[in-house]
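Coordinates in review
Each chain, letter by letter, is given below.
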Number of protein chains: 2
Amino acid sequence: MRIEQRPDFQIHLQNLKSKDQLYLETIFNVANGHIGVRDSNPLQGNNPNYVGTPGLFVNGFYDYYPIEYGEKYTGYPENDQVINRLFDPRYIRIKVGDENSSVDFFKSETVDKNLDMQTGLLHEIFSVTTPEGKIFNLVVESFSSLASDNVYGIKYGVVPVNFDDDIEVIKMHSYINQATSSTVSDVRVNESEGHLQLDFLEGYDQPSYLITTYKSQQGAILTYNGKGFKLEYYKDENNHWGYHAKYHAKKGSQKEFEFLFSIGDVHPLVNAQMYADQYLAKLNEHIRHTSFKAELMASAQVWQTFWLHSDVEIDGDPQVQLSLRFNLFELHQSAGRNAHTSIPAKGLSGSGYGGHYFWDTEIFMLPFFIYTNPELAKKILMYRYQTLKQAQRQATQFGFNRGAMYAWRTINGYEASAYWPAGTAQIHINADIAYAIEQYYEVTGDDDFLADYGYEIIVETARFYMEWGKFTEIDGERRFVINRVTGPDEYSAIVDNNYYTNKMVKFNLRMVEKYAKRFENTDLSKRLSLSKQELAEIKEAADLMYLPFDKENNVKLQYQNFDKMNKINLSHIDTSDFPLLLHYHPLMLYRSQVNKQADTILADILFPKGYSDEELTRDFDFYEPITTHDSSLSKAIFAIAAARIGKEKQAYSFFAQAIETDIQNSHHNTSNGIHAGSLGAAWEGIFYGFAGVVNNAETFSMYPKLPSQWNSVKFRIFLYNSEYIFAIYEHEVRVSLLSGTGTTMIIAGAECELTRESPNQVIKY
Amino acid sequence: MRIEQRPDFQIHLQNLKSKDQLYLETIFNVANGHIGVRDSNPLQGNNPNYVGTPGLFVNGFYDYYPIEYGEKYTGYPENDQVINRLFDPRYIRIKVGDENSSVDFFKSETVDKNLDMQTGLLHEIFSVTTPEGKIFNLVVESFSSLASDNVYGIKYGVVPVNFDDDIEVIKMHSYINQATSSTVSDVRVNESEGHLQLDFLEGYDQPSYLITTYKSQQGAILTYNGKGFKLEYYKDENNHWGYHAKYHAKKGSQKEFEFLFSIGDVHPLVNAQMYADQYLAKLNEHIRHTSFKAELMASAQVWQTFWLHSDVEIDGDPQVQLSLRFNLFELHQSAGRNAHTSIPAKGLSGSGYGGHYFWDTEIFMLPFFIYTNPELAKKILMYRYQTLKQAQRQATQFGFNRGAMYAWRTINGYEASAYWPAGTAQIHINADIAYAIEQYYEVTGDDDFLADYGYEIIVETARFYMEWGKFTEIDGERRFVINRVTGPDEYSAIVDNNYYTNKMVKFNLRMVEKYAKRFENTDLSKRLSLSKQELAEIKEAADLMYLPFDKENNVKLQYQNFDKMNKINLSHIDTSDFPLLLHYHPLMLYRSQVNKQADTILADILFPKGYSDEELTRDFDFYEPITTHDSSLSKAIFAIAAARIGKEKQAYSFFAQAIETDIQNSHHNTSNGIHAGSLGAAWEGIFYGFAGVVNNAETFSMYPKLPSQWNSVKFRIFLYNSEYIFAIYEHEVRVSLLSGTGTTMIIAGAECELTRESPNQVIKY
């Protein structure tokens, strides 16, 4: 590789505080939105103390798993959807003389691990000792390709340290469900296994498989090609095909073996053979006529492009800089790119949360993509359009006449929540999606998307709320209310008029109204059969939306009656009792004024206009002391609020904690996978917090609040097909138009115009 | 039997509309509060179409069964408790020549079934045809003894109809879990099986077993003795002991074989052998030296006593009369009598609801026992005292400092609810128990019970509420609120300030206050360490208890915000969609103004004083149209309300439907067991409705509203150790003091005194 290794792009083992194996498996995962591979011990083997949850995950490739209920009521999902843990492509067998890593206990010590985020290359050195005391170094390089989504590459180098002997290398994958050796009892993890079948496909001169799921009826093909010293395609005594090399190794010599895997797209399993024939030859061909190095270079170039547009450069805090880059790197690794997948809550780095997509994508991750990679953002949103039919079917099955009811957690579009009070009841998911569509449209001006996909979702989600909610009288005034829902905060459930939900729904309804005129008398409007009466009702509901307010404390109220719940002094609770959900019955939490995460404050952040800093200060002072931040989606949001209202120390402290969620394993469960939503929220902490970008502003606006720890922060964004670079200093913002036609924006209150003729501006503040 | 068979005490097959086998198994169950036996086909056998859920149930004899949760949170019960379905003591094998009922398909037709409720004797005739066409009649008589709780008797008569041949009769029970052949998918049924072990105990000259549970660690002994023509104790080829007779039978001849079973009490299984030795000889001895007839006569005498004190005679509606007697008969069959058991929701007639005890006992069944059999009522209440420790432990585990948290559904005192929103969240169970204690005390004046047991429960349940609830301000006034609970209506859940709950809790707190003075400076008060400050707080909470009211409709509000829920027009819902819980997701129901059962109206009924008939009329007119009565506990309560406010037709209609819940199988699930709560509620319909007895009155009062269908209704009750008989006619009440010293009462507004000197009164109204 000829790219100079910059230290501020390296995740190096020695710089990580935790050396926990499962944590490292997550942190050093390599993924590309289609496939993800955990950083396992490649020899695995028979170490009695072996702990590992290795495996390959393919975005959207899942199986059903029946959900057991103590009491099952109508409308409960029959099945969970759990992302498949496929075999570990890092696994290899090595024989030294008579000793065999797959049956003998080869002691493997990690000498070095380094993830170069510039190129996406993971470089590792293991020192391996056989039972008879023979020592060799195993050098492993691996990556998931950003250039060819299907490709995963891994290269092994074997270097005898203290012996000359015969060495055999065997690369063979004859099973499909990857075994793991870590048992987890955390309710938030789902370790169910799909019922998979691995069919060997003959006639391709390299191991080629059709992997099919029994229950979800999906299929994907997988093939791999090996190259290296004396490496040959061969069949073993069990009639399994793989690669094999045997040679006499000299002390200090290094032999290399490289493998390129290609994992096809996931398809419904209608005709397995036809499907395989159609795609396999192509995939097979591709990896046969290239090399580990060529594929890595191609991928590294895409990473370069990514960093060019998406990097955030912080001058003043190298640790935060590195954590932030890790977050952006992981976000980019996690995002589905094929318009049929989204971003699993744990990325493709583990099977936590079953590989499901939540609101995390739209609310916490999407803004990063919208502003830095709108094409990718569009694909992520397209997943919601692709599953609109499922959402509509769910609304009907629920008993509604119209509209769409998006699943709180899902892979295939159908609800997979086993505990509806903190799942299905979070009906804000509908509005979260509508909000993201509007945000995407505001930033990109992508009229085609709005007309072809976006507006239909906005209308269908709104219709659902019109049936759920109702007009009624509150305090003598006609209002639109939304009862019996669960807001973002999961330490409350089944409440009436959750402020966040109602505010979001109001926005969703407003969007229907906002674009109704534009689509009047178009085919779209006919297809949606939006009547004037319906529009009038939607407008009225938005106008009269009830937003609960606590007059006594002069703050927005998380939900109606929240002010009447029991008070808990969090500082009196033993630190070992956090997260509270693992120590208290739901009824203890639901009846208390205690928050798992930002709820009302999140609404403030998503709708930053139309209220004063004093108002936000009151909300912050009310909610901050009762929030446990047991959710990893919380601290970054509080950081944004704190930044705006001038609580600079708190803002930086929350932000610095948020940004380290995974890299410091601060929620103690990064072992199950990264917290993709939290990583995205950390970026929002900078963008909406310290850069002070104002969401939903007609004119792009920012009110910077540079932390005193920083000398500057620099980033690029796209706005209406133009790209800009911002550099924010203590009392100055420099902005330049890099491409496109430019626009007018408001920076620190000052309007400034960027055009091709005048592409640079310096604003003092 | 020398008791004349009165037709108005017979449940005869030909008078039942349904002939469904599972339904009949329930209807013709015979039980005595300790044991219950379903009315199975005694030959069972190999009929491929055989449907049956036979078995013997022992009150309080259960095993644990792990509850599966899709997502399990803190504090959820690990295990369900499920009453054991023991082998069917009715089962017998008959051989005719070479044909064997246990392996060949003997076709068995029911010729007749009759349950004589005067004596508790079930008399049946089956016509049995062997594959070769031999026909014999099988006459079966059976009963569970009210005289000796342990005893179940069954007598078989065999009468060849069209053949002379060898007949063998084999009575042997070598298995323990009774097999059933009905699969049920209704969430309200629990068909889990315990892990039981049947150990044969040698040295008793009759089959004697120790039955033990693996998980719940309980043990009970069971033995049976047989007598009959050529019947002998014998060991079969499998080394199982039983009874056997072989004889040559002539056409038309009748041979009888009688068996007495004795089923011991349930004990913790600490030392199985010691336990068996201690009790078995006694049980064994008892049934050896008596006969079917002698035991039946002894039991029939107890039934006579029961009817003497507990019968309600209705002149004018024979069908209602018979249904009512069935209900009272079943109630008496179901009630645990050993102070360690209560009344399972399905009696001992099936395993529906797992054999659990609910609030059904205290609120719907206990009044019948309090007024007609206070000794038994006391024993039923003692069950709650025996499990107070468990309730205290549950409060502590929940995170509370003090108090008792009774389980919503349980056998052993610990919560067994798998769905907490409609289970654990029904915290009104605490106050239901306190209410029952107060009612028992008011009617009996049993000072010892109050001092030794009752007041402690009242204080401990009240303490739980003091921690759950809180003082807050509502509409500018200081109030005590109780948030996040589920009231009686299970089509709402997790609501704030359920009217019923708050009203009941207020009463519970008032009872603490009411008796505090009496126990001041006693050992009891020291043990309870009731401080003046605590008492003052309890008084304040009761004084300030928030009772939600709907000013617009001028009605009590089921819960805060209930008036803001969606309206559903029940008449627009297809009848096949009831019960709604089997057709709608909980969130559809919870967000609507729809009731499964009486909730606010029940509170009105339990606290009939201090408000006008007009107020009750408004409540009734508001809640009646939105109530589905999907719960069998509903209609009788609405009948009481309707009776009071002069809606005579509706009152009688609701009552007539309520009283037939089981006998007409109107909820279509009597097959799983009787609805014991509903049976008790029907009695309440007469007592509180048509007789118009006023609960919680300082002086016993009644305001009769005799239905126009009736000429009169007569019943006896106990009040403060005196017994009275009432005869209510259209415009006249006749009351007589039967025993005891008498009292003053108010009848139709008129005060009348009953004394030994002047034991009869006639009151016109």
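Just so we're clear, the structure is a prediction, and the values are computed from it rather than from any experiment. (Residues numbered from 1 in each chain as written. Chains lettered and ligands numbered in written order. Predicted model: local features only at pLDDT ≥ 70, side-chain atom pairs only at ≥ 80, totals over all residues. Heavy atoms only, no water.)

A closer look at the overall build of chain A
- For chain A, the count of helices and strands is 18 helices and 32 strands.
- Against the compact-globule benchmark of 27 Å for 765 residues, chain A has a radius of gyration of 27 Å, which places it among compact chains.
- Its C-alpha atoms give chain A principal-axis dimensions of roughly 90 × 60 × 60 Å.
- Across the 765 residues of chain A, 66% fall into the buried class.
- Sequence-distant contacts, at least 24 apart, represent 68% of the contacts inside chain A between residues at least 6 apart.
- Accessible surface computed for chain A: about 26,800 Å², of which carbon and sulfur atoms make up 46%.
- Both charge centroids of chain A, one from 70 positive and one from 97 negative side chains, sit 2 Å from each other. (Helix = DSSP H or I, 4+ residues; strand = E, 2+ residues; numbered from the N terminus. Rg over C-alpha atoms; globule rule 2.2 N^0.38 Å. Buried < 20%, exposed > 50% of the residue type's maximum accessible area, 1.4 Å probe, protein only. Contact = heavy atoms within 4.5 Å. Areas by Shrake-Rupley, 256 points an atom, 1.4 Å probe, with all protein chains shown as cover. Lys, Arg positive; Asp, Glu negative; His and termini not counted. Charge placed at Lys NZ, Arg CZ, Asp CG, Glu CD.)

Quick notes on the sheet that holds strand β30 (residues 743–747) of chain A
All names here are of chain A.
- Spatial strand order, β26-β30-β31: three strands in an open sheet with mixed pairing. Looking at strand neighbours, the two that pair on one side only are β26 (701–702) and β31 (750–754), the edges of this open sheet.
- Relative to β30, β26 runs parallel, the two sharing two bridges. Directly across from Met702, in β30, lies its bridge partner Ile747. (Pairing = 2+ DSSP bridges.)

Focus on the relation of the copies chain B and chain A
- With an axial shift of 0.1 Å and an RMSD of 0.1 Å, the rotation relating chain B to chain A amounts to 180 degrees. The transformation relating the two chain copies, once decomposed into turn and shift, fits a two-fold axis. Taking C-alpha positions as the reference, the residue of chain B nearest the rotation axis is Tyr69 of chain B, at 2.3 Å. (Least-squares fit on C-alpha atoms with pLDDT ≥ 70 in both.)

Structural notes on helix α9 (residues 447–468) of chain B
All names here are of chain B.
- The end-to-end C-alpha distance of α9 is 30 Å, a good match for the 32 Å that 22 residues give at a rise of 1.5 Å each.
- At Gly454, α9 shows its largest kink, close to 50 degrees.
- Counting buried positions along α9 yields 16 of 22 residues, so the element is predominantly enclosed. (Expected span 1.5 Å × (residues − 1). Bend = angle between axes of the 7 residues up to and from the residue.)

Things to note about the UniProt feature "domain: Glycoside hydrolase family 65 central catalytic" (unreviewed entry) in chain A
- What UniProt calls "domain: Glycoside hydrolase family 65 central catalytic" (unreviewed entry) maps, in this numbering, to residues 325–684 of chain A.
- From the first C-alpha to the last, residues 325–684 of chain A spans 14 Å; its make-up is 49% helix and 4% strand. (UniProt positions renumbered as here; feature names shortened; annotations may be inferred.)

Quick look at the interface of chain B and chain A
- In this complex, chain B contributes 50 residues to the contact, which on the side of chain A involves 50 residues.
- Three residues stand out in chain B for area buried against chain A, namely Arg484, Lys564 and Leu587 of chain B, and they jointly supply 14% of the buried area on that side.
- There are two salt bridges connecting chain B and chain A.
- Summed over the shared surface of chain B and chain A, the number is 29 residue pairs in polar contact (both at pLDDT 80 or more).
- Counting residues per element, the ones that place at least two in the side of chain B that touches chain A are α9, β22 (470–474) and α13 (586–590) of chain B.
- When grouped by side-chain class, the residues that make up the side of chain B that touches chain A number 25 nonpolar, 13 polar and 12 charged. (Buried area = accessible area lost by both parts, 1.4 Å probe. Salt bridge = Lys/Arg side-chain N within 4 Å of Asp/Glu carboxyl O. Polar contact = N/O pair within 3.5 Å; in protein donor to acceptor, adjacent residues only side chain to side chain. Nonpolar A, V, L, I, M, F, W, Y, C, P; charged D, E, K, R; others polar.)

Some details on the nonpolar core
- Counting 470 residues, the largest nonpolar core has Tyr455 and Phe726 of chain A together with Tyr455 and Phe726 of chain B as its most contacted members.
- Residues within four places of Tyr455 of chain B in sequence aside, it is in contact with Leu450, Met511, Val512, Tyr515, Ala516, Phe519, Leu524, Leu528 and Leu530 of chain B. (Core = buried A, V, L, I, M, F, W, Y, C linked by side-chain atoms within 4.5 Å.)

What about the pattern of salt bridges?
- Evaluation of the coordinates by the stated rule reveals 82 salt bridges over all chains.
- Arg510 of chain B is the salt-bridge partner of Asp543 of chain B, the closest N and O atoms lying 2.8 Å from each other. Of this pair, Asp543 of chain B sits in helix α12 (residues 532–544) while Arg510 of chain B is found in helix α10 (residues 499–519), placing the two residues 33 residues apart along the sequence.
- Its salt-bridge partner being Asp604 of chain B, residue Lys556 of chain B comes within 2.7 Å of it at the nearest N-O pair. One end of the pair, Lys556 of chain B, is in strand β25 (residues 555–556); the other, Asp604 of chain B, is in helix α14 (residues 600–606), and 48 residues separate them in sequence. We note that Lys556 of chain B, like Asp604 of chain B, is buried.
- Beyond isolated ion pairs, a larger network of salt bridges with shared partners links Arg6, Asp8, Asp311 and Arg325 of chain A.

Here we look at unusual backbone geometry
- Between Phe578 of chain A and the following residue, Pro579 of chain A, the backbone shows a cis peptide bond with an omega angle of -10 degrees.
- Tracing the chain through its elements places Pro579 of chain A in the loop between β25 (555–556) and α13 (586–590).
- Phi at Ala748 of chain A takes a positive value of approximately 50 degrees, unusual for a residue other than glycine.
- Following the sequence through the fold, Ala748 of chain A ends up in the loop between β30 and β31.
- With a relative accessible area of 29%, Ala748 of chain A lands in the partly exposed category.
- Notably, Asp205 of chain B is not glycine yet its phi reads approximately 60 degrees, a positive angle.
- Here Asp205 of chain B is to be found in the loop between β14 (196–200) and β15 (208–213).

Observations regarding helix α8 (residues 428–444) of chain A
Residue and element names in this part refer to chain A.
- Between its first and last C-alpha, α8 extends 24 Å over 17 residues, near the 24 Å set by a 1.5 Å rise per residue.
- In terms of residue burial, α8 counts as a mostly covered element, since 16 of its 17 residues are buried.
- Within two residues after α8, Gly445 carries a phi angle of roughly 65 degrees, on the positive side.

Things to note about the packing of aromatic side chains
- Taken as a whole and judged by the stated rule, the model has 130 aromatic pairs over all chains.
- Both rings, one in Phe638 of chain A and one in Phe654 of chain A, keep their centres 5.9 Å apart while their planes meet at 40 degrees; by these two values the pair is tilted. Of this pair, Phe638 of chain A sits in helix α16 (residues 635–644) while Phe654 of chain A sits in helix α17 (residues 648–659); the two residues are 16 residues apart in sequence, bridging distant segments of the chain. Neither Phe638 of chain A nor Phe654 of chain A differs from the other in exposure class; each is buried.
- In this structure, Lys556 of chain A is placed above the aromatic ring of Tyr611 of chain A, and the distance from its NZ or CZ to the ring centre is 4.3 Å.
- The aromatic ring of Trp468 of chain B is capped on one face by Arg591 of chain A, whose charged end is 4.5 Å from the ring centroid. (Phe/Tyr/Trp six-rings, centres within 6.5 Å; stacked < 30°, edge-to-face > 60°. Lys NZ or Arg CZ within 6 Å of the ring centre and 35° of its normal.)

Topic: the domain arrangement of chain A
All names here are of chain A.
- For chain A, the assigned domains are domain 1 (7–305) and domain 2 (311–717).
- Taken residue by residue, the interface counts 51 residues in domain 1 and 47 residues in domain 2.
- In this assembly, domain 1 and domain 2 are joined by one salt bridge.
- Between Asp8 and Arg325 there is a salt bridge, and its shortest N-O distance comes to 3.3 Å.
- For the side of domain 1 that touches domain 2, the elements supplying multiple residues, two or more each, are β1 (10–12), α1 (21–27), β2 (30–31), β3 (35–37), β4 (56–58), β5 (62–66) and β6 (79–83). (Domains from an automatic or database assignment.)

A word on the sheet that holds strand β26 (residues 701–702) of chain B
Residues and elements named next belong to chain B.
- Read across the open sheet, the three strands follow the order β26-β30-β31; overall the sheet is mixed. Single-partner strands in this sheet number two, and they are β26 and β31 (750–755).
- Sheet topology note: the strand β30 (residues 742–747)/β31 ladder contains six bridges and is antiparallel. Residue Met745 lies in a different strand from β31, and its bridge partner there is Cys752.

Focus: the packing of helix α6 (residues 374–386) of chain B against helix α8 (residues 428–444) of chain B
Residues and elements named next belong to chain B.
- Taken N-terminus to C-terminus, the directions of α6 and α8 make an angle of 150 degrees; their axes are 11 Å apart at the nearest point. One element, α6, and the other, α8, form an angle in the roughly antiparallel class. For the crossing formed where α6 meets α8, the hand is left-handed. Of the residues in α8, those in contact with Pro374, Ala377, Lys378, Leu381 and Arg384 of α6 are Ile429, Ile433, Ala436, Ile437, Tyr440 and Thr444. (Axes fitted to C-alpha atoms, helices over the stretch in contact; angles between N-to-C directions. Parallel < 35°, antiparallel > 145°, perpendicular 65-115°, else oblique. Left-handed = near helix turned anticlockwise from the far one by under 90°.)

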